[in-house]
Amino acid sequence: MSDLVPADTTEDIRTRGAGVSRQVAVLPVGSFEQHGPFLPLATDTLVACAVAREIAGAYPVHLLPPVTISCSHEHAAWPGTVSISSVTLHAVVRDIADSLRRSGVDALVVVNGHGGNYVLGNVVQESSARGERMALFPAPEDWEAARERAGVVTSLLTDMHAGEIETSILLHAHPEMLRPGYETSDFVADDRRHLLTLGMSGYTDSGVIGRASLGSAEKGKELLASLADSFGAYFSLLTSDG
């Protein structure tokens, strides 16, 4: 689990910063919430960190440690889930961005691993409106491109939680974290129009919505590679003079 925390020294950051026209920091934001009986509570954090590490391996970015607890209120019916308010998450990301700018890093990419962190979109929009450089990654289009490249069968609608994508990424990046049972836990609930009112427990008894049985390490590797490629457009946008 040591790869969740960057090993950079302050001199590493100084050297990397001297070689780029504009410094970009990458902040993984995960969650601590139920992911069925076979994936750990930290799944979203593990996914966000895997994506961020892949980015850091391809681009000269300042990789930050993850935010590990976020807005998981829809999962409150399951033991182990912990949440903070959207106001708190908004403030945490704002404070991190402000601190980075004071140290000369004026662009921040938030790598979001949890779909319930709706407020992160507001943080980025508000920051951009103030003239600050911030982006939210991956967008649904980036996930769709990754899904197609990796041969993920399940649609993004169906693959809602603890499904093919998350299982694949963990099979590739952290296979030691999976428990038995993902091969037999598929459950589909595509009509979730009352999710905000009912929470996840209104749609699934197990906590799973997706087809985890279709996951594979090979798909996980390709998902991450595709996302790293997609990040290039974000890096160019944030480092341009426009």
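Residues numbered from 1 in each chain as written. Predicted model: local features only at pLDDT ≥ 70, side-chain atom pairs only at ≥ 80, totals over all residues. Heavy atoms only, no water.

- The name given to the protein chain in an unreviewed UniProt entry is Creatininase family protein, and the organism recorded there is Streptomyces olindensis.
- As stated in UniProt under Cofactor (unreviewed entry), the record for the protein chain gives "Zn(2+)".
- According to UniProt, the comment filed for the protein chain under the heading Sequence similarities (unreviewed entry) is "Belongs to the creatininase superfamily." (UniProt positions renumbered as here; feature names shortened; annotations may be inferred.)

**So, the nonpolar core**
- Core analysis: the largest hydrophobic core is formed by 42 residues, its most contacted members being Val-26, Ile-55, Val-109, Phe-137 and Phe-231.
- For this core, the secondary-structure elements that each account for two or more residues are strand E1 (24-29), helix H2 (43-58), strand E3 (107-112), strand E4 (133-137), helix H5 (140-150), helix H6 (164-173) and helix H8 (217-239).
- Looking at this core, the element that brings in the most residues is H2, giving eight residues.
- Leave out the neighbours within four places in its chain, and Ile-55 touches Val-26, Val-61, Val-111, Phe-137 and Phe-231.
- With 18 residues, the next largest nonpolar core counts Leu-64, Cys-71, Val-105 and Leu-120 among its residues. (Core = buried A, V, L, I, M, F, W, Y, C linked by side-chain atoms within 4.5 Å. Buried < 20%, exposed > 50% of the residue type's maximum accessible area, 1.4 Å probe, protein only. Helix = DSSP H or I, 4+ residues; strand = E, 2+ residues; numbered from the N terminus. Contact = heavy atoms within 4.5 Å.)

**So, the sheet that holds strand E2 (residues 62-63)**
- Spatially, four strands are ordered E2-E1-E3-E4 in an open sheet, and the strand pairing comes out parallel. Bordering the open sheet on either side are E2 and E4, each of which pairs with just one other strand.
- Here E1 runs beside E3; their pairing, made up of six bridges, is parallel. What sits directly across from Val-24, in E3, is Ala-107.
- Taken strand by strand, helix H4 (residues 119-129) contacts E1, E3 and E4, and its axis lies near 155° from that of E4. (Pairing = 2+ DSSP bridges. Axes fitted to C-alpha atoms, helices over the stretch in contact; angles between N-to-C directions.)

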